[in-house]
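Reading the structure
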Amino acid sequence: MMKSIVITTTINKRKHELEVHPNTTLLDLLRDELGLTGTKRGCEAGECGACTILMNGQAVNSCLVLAPQIDGQEILTIEGLADGDKLHPLQESFLDHDAVHCGFCTPGMLMSAKSLLDRNASPTELEVRTAISGNLCRCTGYQQIVDAVLETEPVKRET
Amino acid sequence: MIPKFDYVRPDSLRQAIKQLAASGTRIHAGGTDLLGCLRDRVFTADKVVSIGGLSELGGIKRASDGGLTIGALTTLAQLASDPVILKDYPALAQGALSAASPQLRNQGTLGGNLCQRPRCWYFRGDFHCLRKGGNLCYAVGGRNDYHCIFGGDACYIVHPSDTAPALVALGARVHINGANGSRTIPLESFFVPPGKDITRENVLAPNEILTNVSLPAPAPNQRSSYRKMRARGAWDFALAGVALSLRFGVGGEVEGARVVLSGVAPMPWRVAEAEKALTGKRITEDTARAAAEICIKGAEPMEYNGYKVNLVRALVEEALLALR
Ligand SMILES: Cc1cc2nc3c(=O)[nH]c(=O)nc-3n(C[C@@H](O)[C@@H](O)[C@H](O)COP(=O)(O)OP(=O)(O)OC[C@H]3O[C@@H](n4cnc5c(N)ncnc54)[C@H](O)[C@@H]3O)c2cc1C
Ligand code: SF4
Ligand code: FES
Ligand code: FES
C-alpha cells in the first residue's frame, strides 16, 4: 500500500510540515492542497514552463517535481514575488511593457526572469531569451516580455 | 494523475541497491524523464527509489591521472557551466547546454540523461509496441519523421541523449554499482542495440545504479565540440547532431579522431571509417566533405526521415571546419 511521507519545506518564506502522497507533484501540492493557484498547470510534461517555480533559487518545472523532493528545500512561487502590496520590479515592468496578454504564461515567465536577474543583474537580450526559452507564450510574440525583463530597473532589482 | 507507488529515500548507495532488489522498482534522480513515463504509463512502478540525496553520486572531481570524475547526480546546468568542463571537454558542456530547457537543465541529472527512455511517439503514446513487449513496430508504415536512419532492427528509435554522444567522443567510462559489486565499462558499450535486446537501451540490471562517469585527461592538442540541429530555436531533441573529438599534431594534422552522431541511431553512433579517413590529414574543405560523405554511407532512411541524411552531411562538414 502507498505510504504517505512527511516533509518539511519552506514555501514563500513560510515553514510547512506536510504529509504528502508520493505520487503528488509539487504542482498538485501547490495548487490543490495549498491553494497557491498562481502557478499554472499547462502541459504537465516539462514543455510549456507555465508551472515554473524557484527551488533553492533555481527555476524548475513544478509539474516534474515529486512532492517528497522538496523536503528540506526552499520554494518560491509567484505568490511570494511581491512584497505585500508592493509589486516586484519585474511585475511592474511587465505591466509597463504590456507583457501580459491572457496572463497564463506570466507567473512562469516571471519566475524564470527572476532566476536570471538574481544571477545576472544586467543580462543581454540573448541571455534573457535563453532564460525564458523554456516558457511558452501564445499571445505576446515574446518581444514585450523580453523588453520588460531587460528594462527592469537594476536599482530596484534587489528584492 | 501519476499512478500510485511507494517512495523510499535511502541514505546510502548500499541501502539504495538493497531497495532495488524488489521487482517493480524504479530509480528517481531528477525525475524529468521518469515522471513523464509514469504519467503516460510507458511503464509502471510499485516502488520508486530516490537517489537524489546520495552524496556518493555528486560532485565533479579531478582524478589523479589528470582526468575528471563526474557524479551521476551532476545536473545538466552544472555540466554546462563548470569551468574545467568548458575548458577541457567543451563537447560535453555544449551537449549539456543544448539539451532541454533551462528549467529541465536545473533539475535533470547526468545519470538520468544517459538512462532516459526513448522519445518515439508510439512508445510514449498508447501503443503496445515491440519495445513495450508487444508485437508490432508502429513506426514502420506509420509516421517515422523522428526515427533512426542507422542501426534500426525491428525497432527504429533514436537515442535521445545529448550528453552521450559527446561523452563517447571524449572516451568516457561509466561506473556501475549493483548487488554483485561494481564494474566500469566504456560508455560506448553501455548502450544496447535493438537487435540485441529490443526492450532496453542500456546494460543496467534493474538493481544497478550508474554512479559516475569518468573522462581521460585531455591530450595537449585536443579539441572537441557538439553540434545539434533542432526543429525550432528553443528547446528540442536533436533531429541530428555530431560530437567530435580531435587530437592535432604539431603540423595541424589530425592524430586521432572520434566522430559520433546523435539523433540518427538507437545509440550514439560512432563512425570509425570517418575517423580513420581524417587521421593523418589536415582539416580542409576537401577532407571535411569527404568525412561527411563517409558519415552518411549506409544510411537507411524510412519514409519520412530522409531529411536526416542531408542534415548529417552538413553538420559533420560544418563541425569539422569549425574545429580546424
Ligand atoms: C520537454 C523535455 C525536453 C527534453 N529535451 C532533451 C534534450 O533536448 N536532450 C536531452 O538529452 N534530453 C532531453 N530531455 C530529457 C531529460 O529528461 C534529460 O535530459 C534529463 O537529464 C534526465 O535526468 P533526470 O535526472 O531528470 O532523470 P530521471 O527522470 O530521474 O531518470 C531518467 C531515467 O533514468 C533512470 N536513472 C536515473 N538516474 C539513474 C542512475 N544514476 N542509474 C541508473 N538509472 C538511473 C531512471 O530510473 C529513469 O528511468 C528532455 C525532457 C523533457 C521533459
Ligand atoms: S520504433 Fe521502437 S519504440 Fe517506436 S514504435 Fe517501433 S518498436 Fe516501439
Ligand atoms: S505544466 Fe509544467 S512545464 Fe507545462
Ligand atoms: S500572455 Fe497569453 S500565453 Fe503569454
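Since we're looking at a predicted model, the values are computed, not measured.

**A few points about the overall build of chain B**
If you tally the helices and strands in chain B, you get twelve helices and twelve strands. A globule of 324 residues ought to have a C-alpha radius of gyration of about 20 Å, and chain B, at 19 Å, matches this closely. If one aligns the C-alpha atoms of chain B with their principal axes, the spans along those axes are about 60 × 50 × 35 Å. Burial status across chain B gives 53% buried among its 324 residues.

**Thoughts on the nonpolar core**
Core analysis: the biggest nonpolar cluster contains 150 residues, and L92(B), L244(B), L261(B), V264(B), C295(B) and V316(B) have the highest contact counts within it. Residue contributions to this core peak at seven residues, all from helix α12 (residues 307-323) of chain B. Two domains each put at least three residues into this core: domain 1 (5-80) and domain 2 (89-154) of chain A. Once residues lying within four places of it in the same chain are set aside, the contact partners of V264(B) are C148(B), I149(B), F150(B), V158(B), A240(B), W269(B), K308(B) and V312(B).

**Digging into the domain arrangement of chain A**
The accessible area lost on association of the parts is a frequent measure of interface size. All names here are of chain A. For chain A, the assigned domains read domain 1 (5-80) and domain 2 (89-154). Its C-alpha centre places domain 1 at a distance of 21 Å from the equivalent point of domain 2. Each side of the interface is counted separately: domain 1 has 14 residues, and domain 2 has 13 residues. Counting residues per element, the ones that place at least two in the side of domain 1 that touches domain 2 are β3 (52-55) and β4 (58-61). At three residues, β3 tops the list of elements feeding residues into the side of domain 1 that touches domain 2. Classifying every residue of the side of domain 1 that touches domain 2 by side-chain character gives seven nonpolar, six polar and one charged.

Rules behind the numbers
By convention here, each chain's residues receive numbers from 1 onward along its written sequence. Each chain is given a letter, starting from A, and each ligand a number, starting from 1, according to the order in which they appear as written. Local features in a predicted model are, by the rule used here, given only for residues with pLDDT of at least 70; side-chain atom pairs are given and counted only at 80 or more, and totals for whole chains, interfaces and linings are based on all residues. Secondary structure elements are taken from DSSP: a helix is a run of H or I of four residues or more, a strand is a run of E of two residues or more, and numbering for both begins at the N terminus. In this setup the radius of gyration rests on C-alpha atoms only. A globule is expected at 2.2 Å times the number of residues raised to 0.38. Neighbour counting defines burial: a residue surrounded by 20 or more other C-beta atoms within 10 Å of its own C-beta is buried, one with 12 or fewer is exposed, and intermediate counts give partly exposed, using backbone-placed C-beta atoms. Remark: nonpolar core denotes a set of buried Ala, Val, Leu, Ile, Met, Phe, Trp, Tyr and Cys residues whose joining runs through C-beta atoms within 7 Å. Per the annotation, domain bounds derive from an automatic or database assignment of domains. Contacts here follow a simple rule: the backbone-placed C-beta atoms of the two residues must lie within 7 Å. Any residue that is not Ala, Val, Leu, Ile, Met, Phe, Trp, Tyr, Cys, Pro, Asp, Glu, Lys or Arg is counted as polar, Gly included; the first ten are nonpolar and the last four charged.

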